[in-house]
Amino acid sequence: MKKTLISVLAIFTLAATASDNEIYVEQTGATLNLNLEQLGAGNIIGGLESAAGDLNPFDLDAVSLTLEINQIGNSNKMLGDIYGDSITGFFNFDGDSNSFTIQGDPTGSYGIDSSNYNVAVTGGSNTFTLDHGTTALAGTLDLDWIIQGDSNTFDFNINYDGATNYVDVDGDSNTINFTGQGEDGGYFYLDQTGNSRTFNINQLSTLNNDWLKIMSTGNSGTVCITQNDGGTSTSC
């Protein structure tokens, strides 16, 4: 097994080319460009209690951070916390049975405002979890998902403050669980093609309007949509 231990304080690019690689990153500072690439199966970018060789942390604290991650292969993991403002993220996953778990500013240290995430997924049976603005308002977030494959599950939560969320998914048996809540409303556009889809969408902004647009083509599936700006509890 090949392991990489890095404390990040400057611009760098790192590539790992054997299987079962692990990357440990802990970074503090501003205006960082960080590029991580792993090729092969069973790799980990550590954080959130990691696993395998028991890494940790993948803890990024920065303002004006640009983060590009490429994981090409199967059964890879990207796990961690991102703290900051003006975060630009390019996340590319190509393969099956991969997992992605990211928290955006879980302690409210920076506020995680003015961020732009682009997530591209090609493959099947992947699981992705994104909590953005866990204890802060995600001001003017621009989140884009481009998904191609079957049997993927996407769970994402945004603490709305004028956020825009776009999902383009092609494939069968995909599940999308989304919750948007906060004070200033948000926009969600879902463009989906494929059969046996499952959508659970909750928009719960309390002091403003939420917008939802769904374009869906396919046979069979379950769709549950809840928009609630402060009324009594409802469910599908």
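Look above for the structure.
Rules and cut-offs
Residues numbered from 1 in each chain as written. Predicted model: local features only at pLDDT ≥ 70, side-chain atom pairs only at ≥ 80, totals over all residues. Heavy atoms only, no water. Helix = DSSP H or I, 4+ residues; strand = E, 2+ residues; numbered from the N terminus. Buried < 20%, exposed > 50% of the residue type's maximum accessible area, 1.4 Å probe, protein only. Contact = heavy atoms within 4.5 Å. Areas by Shrake-Rupley, 256 points an atom, 1.4 Å probe, with all protein chains shown as cover. Core = buried A, V, L, I, M, F, W, Y, C linked by side-chain atoms within 4.5 Å. Phe/Tyr/Trp six-rings, centres within 6.5 Å; stacked < 30°, edge-to-face > 60°. Lys NZ or Arg CZ within 6 Å of the ring centre and 35° of its normal.

S.K.: Even after reading the chapter, I still don't get the overall build of the protein chain, so can you show me in this structure?
M.R.: In terms of helices and strands, the protein chain carries zero helices and 21 strands. When burial is assessed residue by residue, the protein chain has 47% of its 236 residues classed as buried. At a minimum sequence separation of 6, the contacts of the protein chain that also span at least 24 residues come to 48%. Put simply, the protein chain shows about 9800 Å² of open surface, and 46% of that area lies on carbon and sulfur atoms.

S.K.: How do you make sense of the environment of Thr88 when you look at a structure like this?
M.R.: For Thr88, the location among the structural elements is in strand β9 (residues 88-94). Taking relative accessible area as the criterion, Thr88 reaches 24% and is therefore assigned partly exposed. Between the alpha carbons of Thr88 and Asn118 there is a distance of 8.1 Å; along the sequence they are 30 residues apart. Beyond its immediate stretch of four places on either side in the chain, Thr88 contacts Leu65, Thr66, Leu67 and Asn116.

S.K.: Help me understand the nonpolar core in this model?
M.R.: Across soluble globular proteins, nonpolar side chains show a tendency to be buried alongside one another. Residues Phe91, Trp145, Phe156 and Val167 are the most contacted members of the largest nonpolar core, which totals 43 residues. The residues touching Val167, leaving out its near neighbours within four places in the chain, are Trp145, Ile147, Phe156, Ile176, Phe188, Tyr189, Leu190 and Asp191.

S.K.: Explain the side chain of Asn152 to me, please; I cannot follow it from the model alone.
M.R.: Take Asn152: it is sitting in the loop between β14 (142-148) and β15 (153-161). In contact with Asn152, not counting residues within four places along its chain, are Gly123, Gly124, Ser125, Asn126, Ile147, Ser173, Asn174 and Thr175.

S.K.: What's the story with unusual backbone geometry in this structure? I'm lost.
M.R.: Backbone geometry follows two general trends: most residues other than glycine have a negative phi, and most peptide bonds adopt the trans configuration. Phi is positive for Ser97, close to 60°, though the residue is something other than glycine. In this fold, Ser97 is placed in the loop between β9 and β10 (99-104). The exposure class of Ser97 is partly exposed, given its relative accessible area of 42%. Look at Ser173: it is not a glycine, yet its phi comes out positive at around 60°.

S.K.: Honestly, the packing of aromatic side chains in this entry has me stumped. Any pointers?
M.R.: Two descriptors summarise a pair of aromatic rings, namely the distance from one centre to the other and the angle between the planes of the rings. A complete count under the given rule lists 13 aromatic pairs for this structure. A centroid spacing of 5.1 Å and a plane angle of 5° characterise the contact between Phe128 and Phe154, whose relative ring orientation is stacked. Of the two residues, Phe128 is situated in strand β12 (residues 127-132) and Phe154 in strand β15; the sequence distance between them amounts to 26 residues. For the residue pair Phe128 and Phe154, the accessibility class agrees, reading buried in each case. Relative to Phe188, the ring of Phe156 lies with its centre 6.2 Å away and its plane at 85°, an arrangement referred to as edge-to-face. Placement of the pair is Phe156 in strand β15 and Phe188 in strand β18 (residues 186-193), with a sequence separation of 32 residues. For the pair formed by Phe156 and Phe188, the shared burial category is buried. Looking at Lys213, its charged tip hangs above the ring of Tyr189, at a distance of 4.8 Å from the centre.

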